[in-house]
Amino acid sequence: MWLNPEEVLLKNALKLWITERSNDYFLLQRRRGHGESTGKITGLLVGALDTVLDSNARVTPFRILHQIPGSQISWVIASGAAIEEVNRHWDWLTRNLLHSLSVFENKDDLASFVKGKVKGLIAEELRGRQAAQEDDPERFREALLKFELHFALPPTEKLVTYFSCCCWKGRVPRQGFLYLSSNHVCFYSFLLGKEVKFVIPWAEVVRLERVSSGLMHEAVRLVTRQKVREFSMFLNRDEAFRVLAQLCDIALRRLLDSEGLELDRTLLQTTTINKRMLEEQALREYVLALFRLPRSERLHEVASCSVWTPHARSHTAGTLYTTDQYLCFCSREEGTCTLLLPLCEVLSIEKAESTSVLPNPVIVSVRSKKAFQFIELQDREELVENLSVRLRALHWRVSLSRDAQASRSTPNLIKTESSLNISMSVCVSQSLEKVKERLWEDHFSEFGRGVHMFRTEKIQRLVAMGIPESLRGELWMTLSDACSELESHEGYYSSMVQKSMGQSTLATDEIERDLHRSLPDHPAFQNPTGIAALRRVLTAYAHRNPKIGYCQSMNILASVLLLYAREEEAFWLLVCVCERMLPDYFNRRVIGAQVDQSVFEELIHERLPDLAEHFPDLSSLSSVSLSWFLTLFLSVLPFSSAVRVVDCFFFSGIRAIFQLGLSVLEANTAQLCTSTDEGQALMILTGYLFNEAPSVPLTPPPLSPASEDSNLPLCTRYTNITDLINEAYEKFGDVSVQQIERLRCRHRIQVLQTHEDTTKENALRLVSPEVSMSAENLSDAYDLFKASSWRQTDLGRSFTERQYRLDRAQFKSLYCLLLPWSVSCEQHTDTLGNRTFALLSHNHDCLVSFKEFAMWLDTLYCGELNEKIRLLYRLHIPPDPSLLKSPLLSSNRPLYVGKSYQEQLKQMLKDLVKEKEKDVEKPLPLMNQREFIQFCKTLYSLFHGNQEENELFQAIATVTSLVLQIGEAGHQGSKEEVRQEVTRDVPESDWTISFAQILASLLTEQPLVNFFEKPTELPKSRLRWNWDTTLIIVWLKLRELSHFSKELE
């Protein structure tokens, strides 16, 4: 393979290499001891040395050197493990380079030419490896070259895929290519001598949608904050739209909320993203959502097959998905038949004899003495081998965990023998419960019992009728697979409870505040036993998952779980709901719930057009429906009906809430369309949900049109929860998991950008009172600051620490870009940039916040003369943290777990009072002679290139002379008055000058006064550059600074 040229001083050090082929410019050498038929002692020694070395230090047996006639220095340019590979490189060199090298007279030019060619070959190999992963490598390689040529983005920018399409500019179509990279969407067109080219960062995309109208048939609309772009004439619009939405979603989750949202770590490495990985990621997210698996599960194999279904006495065709710890089967029609097999339940996976009736069968045996037969499996050998390896590894880990648990023998201090279910005098017939129990027992005997039972339409009908009280806890554990988590984490809950006991955090305070608000009318939570159990469950989960901690509505959900499950089971049910079934719901900004609200609004537009027409802005309904999703209807339905909804949720997942929500709105469409305001619509929906029918029939009656009772008064209309659930399944049962996942991917973009706009508004509202810049300039400065902060690659910090802060290199790039004065010396500019960064990042986090950046920018462009001189003065003296203008620093004091939250708040208030009593403006330290000379050099560099350069140079010379005389006089005479301004220890013999003396001296020269008081406007061309230009300039500045730092070293 080709290597980056590496210098070699001795071509044959210690005679370890033997030259096989040579010419004036190249040598092909073989490592001694390789390929020798005789057993020479030197060859044996070298061979033994290479054998004992590890793989990183081992030397390849063949290499090619580039040599220059008359020079002792050579360069290794290629190496290989086989002589055939090295011979191919040798033949290429002799055929393409050898005859061209004799024309060079300068040795340095000759070496540079060869090195450049070799580096070009390496780059071509890298492109080839990337292209090899695509369906058409040759065409992708050509597209990659055009992408790099047309857009000149940083080398780290990776092309993912491209599409031929048409971009509409008004009514004029421009045929070209749409290039999708890890951070940008780019378009290039060259038609009839006119070039159209633009680059849009994914971070600027606020909405993606399909449109079909007039000339733009089946177009894709891409909306940014500045423009709207429309693309059409794709060969496959659905594929293009899916990739666009997926790349934009990944980029925004990585840039805007990489900690708050769950994102596969492989997608954080943008250089590894390709089209195939996107397809695999989309399939993985679909499988996780369909089977409600843990978010950490990785998808391994996907195989078409058929499974023997005893209840149907036939094989059901579908797809088998294998993950780290699960075998999952889904029929071709989603929801008809699904099967979930945790590997911890599996005993063996064996191949059976293949016949014409049963081709390629595989038998999976589970602990309940049952076996599942899969047939028609392609690549059966490899599949069974991979599954067997993972199964053995899992059993080994489980045995180690149990041994460790037994050795610790931690006593279980938490009593969780029974649930808290206490009768609430609900009118539930005991005979009806007996009938339900008998139906479920018949179902278990036919379809199996436990997590690996077949889930079909029949069990859906049973769930719609209502799960019996005696089986509800067991079936919730089974349908959610919380039972597997409980069994594989024995003693985990007790340890979490013990670790969280006695701790005082913000989460525990919120939990204590909400404990008595959780089902306050239920007897189970009107006594200390129920409250204590609820406290333990919520506190243990907050300790397990500090990223979520505690969110409102978790108390209501946990209360209902405790009524039907033991305490430890309720904990694992809560884990499944928060981390599997409702991902991203219970984070600090409830992003997941807001995304699903946006998806719900689109489903309303699609399924209930009359209602959508009456409510052009469906956000008014979202204020009502948000609680449906957050609390699973527990806060809006009577308790006996609400638990029926929870039954459906554990069986169908979030799809059940979407279907039930659409059913509720469809049943009230006529009344909602007559409402005049949001309050009336709220009353209609609230009254409908709380008027439950007094009895619940065993079998659902025939569905009647909604119009039959629509004219009844609201108080006499009843809601039969069984009818409502059945209508939801019948009318909206085709709302699939796959559809929801695709809509989530697209709507997450809009929700994240809305949060981003809110963040910007809050930041500007906080900073605007502190600066004199116009609102427009401040907004542009924020956008520029944000664009630069997204170039940060420090993933070691938390999201809160990284959000919208600049490190040293990023700040220096903006410093060079926005400096109002042209500094002549590049080295001096770098020094001033480092000093400015050190001055602004005063809290020792090595990051600059937007507020600090905006105040610095405001001083440069809008500050008075004395403020600008004060800033320059402070840049040339050692930083003093006591001179900061931010008096409320103590409000950022971190909260410690070991201390009382109230005590910490009191201490914060005391700190704030002390800070207010202090003077904000403190006298500056004195400047010594060396610092003053550097200060004068900075002033000289600021005036370089100015129209009044000569006058300014004369003025600064006069001021310098005057200040030196003042300093010398003070050094020789008495220093009593000067010492009153000293805030740091200065020896008596040092030459010093104060800020007031420098400022007074500068005011004596009118050219200097005019220079610093001349109004300077923020350069619009710099603040309002396109995002692609900004990012490219920032990248170039970062690269220049890195090269400059290396030169200084």
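Residues numbered from 1 in each chain as written. Predicted model: local features only at pLDDT ≥ 70, side-chain atom pairs only at ≥ 80, totals over all residues. Heavy atoms only, no water.

Across its full length, the protein holds 39 helices and 24 strands. The 1049 residues of the protein split such that 51% are buried. A separation of at least 24 residues holds for 66% of the contacts in the protein among residues at least 6 apart in sequence. Counting only carbon and sulfur atoms, one obtains 52% of the accessible surface of the protein, whose full area is about 50,600 Å². (Helix = DSSP H or I, 4+ residues; strand = E, 2+ residues; numbered from the N terminus. Buried < 20%, exposed > 50% of the residue type's maximum accessible area, 1.4 Å probe, protein only. Contact = heavy atoms within 4.5 Å. Areas by Shrake-Rupley, 256 points an atom, 1.4 Å probe, with all protein chains shown as cover.)

Before going further, it helps to spend a moment on the sheet that holds strand β2 (residues 17-22). Strand order in the open sheet made by the five strands is β1-β5-β4-β3-β2, with antiparallel pairing throughout. Pairing within the sheet leaves two strands with one partner each, and these edge strands are β1 (2-8) and β2. For this sheet, the mean angle separating the axes of adjacent strands, direction not counted, is 30 degrees. Alignment of strand β3 (residues 26-31) against strand β4 (residues 62-67), held across five bridges, turns out to be antiparallel. By the bridge assignment for β4, F26 is matched with H66. Seen against the sheet, helix α2 (residues 83-96) touches β1, β2, β3, β4 and β5 (74-80) and runs at an angle of roughly 175 degrees to β3. (Pairing = 2+ DSSP bridges. Axes fitted to C-alpha atoms, helices over the stretch in contact; angles between N-to-C directions.)

For a regular strand, the rule is simple: side chains alternate between the two faces of the sheet. Across the six residues of β4, six count as buried, placing the element largely inside the fold. Every second residue of β4 is oriented toward a common face, with F62, I64 and H66 on one face and R63, L65 and Q67 on the other, all of them buried. Note: β4 against β5, six bridges, orientation antiparallel. Among the inter-strand pairings, F62 is bridged to a residue of β5, identified as G80. Between β4 and β5, which follow one another and run antiparallel, lie six residues, and G70 among them has a positive phi close to 85 degrees.

Moving on, we get to the packing of aromatic side chains. Summed over all chains, the structure comprises 44 aromatic pairs. Residues W476 and Y564 carry aromatic rings whose centres are separated by 5.4 Å and whose planes lie at 70 degrees to one another, so their mutual orientation is edge-to-face. Of the two residues, W476 is situated in helix α10 (residues 469-480) and Y564 in helix α15 (residues 554-564); the sequence distance between them amounts to 88 residues. Each member of the pair, W476 together with Y564, is buried. A centroid spacing of 5.4 Å and a plane angle of 70 degrees characterise the contact between Y873 and F995, whose relative ring orientation is edge-to-face. Taken together, the residues Y873 in helix α31 (residues 865-875) and F995 in helix α36 (residues 995-1002) connect sequence positions 122 residues apart. (Phe/Tyr/Trp six-rings, centres within 6.5 Å; stacked < 30°, edge-to-face > 60°.)

Look at helix α9 (residues 457-465) against helix α20 (residues 639-652): their axes get within 8 Å of each other, and the N-to-C directions meet at 160 degrees. On the basis of the axis angle, α9 is roughly antiparallel to α20. Seen from above, α9 lies across α20 with right-handed handedness. Between α9 and α20, the residues in contact are I459, Q460, V463, A464 and M465 and R644, D647, C648 and F651, respectively. Class assignment for the residues of the contact of α9 with α20 results in six nonpolar, one polar and two charged. (Parallel < 35°, antiparallel > 145°, perpendicular 65-115°, else oblique. Left-handed = near helix turned anticlockwise from the far one by under 90°. Nonpolar A, V, L, I, M, F, W, Y, C, P; charged D, E, K, R; others polar.)

In the Ramachandran plot, N360 falls in the positive-phi region, its phi being about 50 degrees despite a non-glycine side chain. Along the chain, N360 turns up in the loop between β17 (346-351) and β18 (362-366). Here N360 falls in the partly exposed class, since its relative accessible area comes to 26%. At D584, a residue that is not glycine, the phi angle is positive and equals roughly 70 degrees.

This part is about the nonpolar core. Residues L208, M554, W628, F650, F850 and F853 are the most contacted members of the largest nonpolar core, which totals 212 residues. Per-element accounting of this core gives the leading share, 11 residues, to helix α5 (residues 237-256). Of all hydrophobic cores here, the second largest spans 25 residues; its members include V307, L341, V364 and V366. (Core = buried A, V, L, I, M, F, W, Y, C linked by side-chain atoms within 4.5 Å.)

Let us now look at helix α24 (residues 721-732). With 12 residues, α24 ought to run about 16 Å at 1.5 Å a step, and its terminal C-alpha atoms sit 16 Å apart, in line with that. Within the span of α24, buried status applies to I721, T722, D723, L724, I725, N726, E727, A728, Y729 and F732. N-cap assignment for α24: the residue whose side-chain oxygen lies 3.0 Å from the backbone N of T722 is N720. (Expected span 1.5 Å × (residues − 1). Polar contact = N/O pair within 3.5 Å; in protein donor to acceptor, adjacent residues only side chain to side chain.)

Pairing within the open sheet is antiparallel, and its eight strands lie in the order β17-β18-β19-β13-β14-β15-β16-β20. Two strands in the sheet have a free side with no partner beyond their single neighbour: β17 and β20 (455-456). The pairing of β17 with β18 spans five bridges and is classified as antiparallel. Bridging across to β18, K351 finds its partner in V362.

Another point: the side chain of K760. By the secondary structure assignment, K760 is in helix α25 (residues 737-767). Within the local environment of K760, its side chain forms a polar contact with the side chain of D783, the two groups lying 3.1 Å apart.

On to the packing of α10 against helix α16 (residues 567-581). At a closest axis distance of 10 Å, the pairing of α10 and α16 adopts a crossing angle of 35 degrees. Note that α10 runs across α16; the crossing there is left-handed. Residues W476, M477 and S480 of α10 pack against E569, L573, C576, R580 and M581 of α16. Among the residues making up the contact of α10 with α16, the classes are represented as five nonpolar, one polar and two charged.

The next subject is α15. Here α15 lies mainly inside the structure; 11 of its 11 residues are buried. Taken together, the buried positions of α15 are M554, N555, I556, L557, A558, S559, V560, L561, L562, L563 and Y564. Those residues of α15 hidden inside the fold are in contact with α10, α13 (506-514), α14 (528-544), α16, α19 (619-631) and α20.

We now examine empty space enclosed by the protein. Tallied over the full model, the rule gives five cavities of 30 Å³ or more. Lining of the largest cavity is provided by 15 residues; of these, L290, R292, T338, F651 and R655 occupy positions nearest its centre. Every element with two or more residues in the lining of the largest cavity is listed here: α6 (275-291), β16 (337-342), β20 and α20. The element contributing the most residues to the lining of the largest cavity is β16, with three residues. Of the residues assigned to the lining of the largest cavity, the class counts are six nonpolar, five polar and four charged. (1 Å grid on protein atoms, 1.4 Å probe; cavity = no way out; pocket = protein on both sides within 12 Å on 5 of 7 lines; lining within 4 Å. Points joined across faces, edges and corners; volume = space filled by probe spheres on them.)

With that settled, consider the pattern of salt bridges. The full count for this structure, using the stated rule, is 39 salt bridges. Note that R607 is salt-bridged to E606, the shortest N-O span being 3.7 Å. Among the salt bridges present, the one from D783 reaches K760, with a minimum N-O distance of 3.1 Å. One end of the pair, D783, is in helix α26 (residues 775-789); the other, K760, is in helix α25, and 23 residues separate them in sequence. Among the residues examined, K760 registers a relative accessible area of 17% and is labelled buried. (Salt bridge = Lys/Arg side-chain N within 4 Å of Asp/Glu carboxyl O.)

So, on to the pairing of strand β7 (residues 172-181). With 10 bridges joining them, strand β6 (residues 159-169) and β7 adopt antiparallel strand pairing. Counted as the bridge partner of C166 is Q175 from β7. Linking β6 to β7, which pair antiparallel, is a turn of two residues; within it G170 sits at a positive phi near 70 degrees. Pairing of β7 with strand β8 (residues 184-191), which is carried by four bridges, proceeds in the antiparallel orientation. Looking at β8, one finds that Y179 is bridged to C186. Hairpin geometry of β7 and β8 is characterised by an intervening segment of two residues between the two adjacent antiparallel strands.

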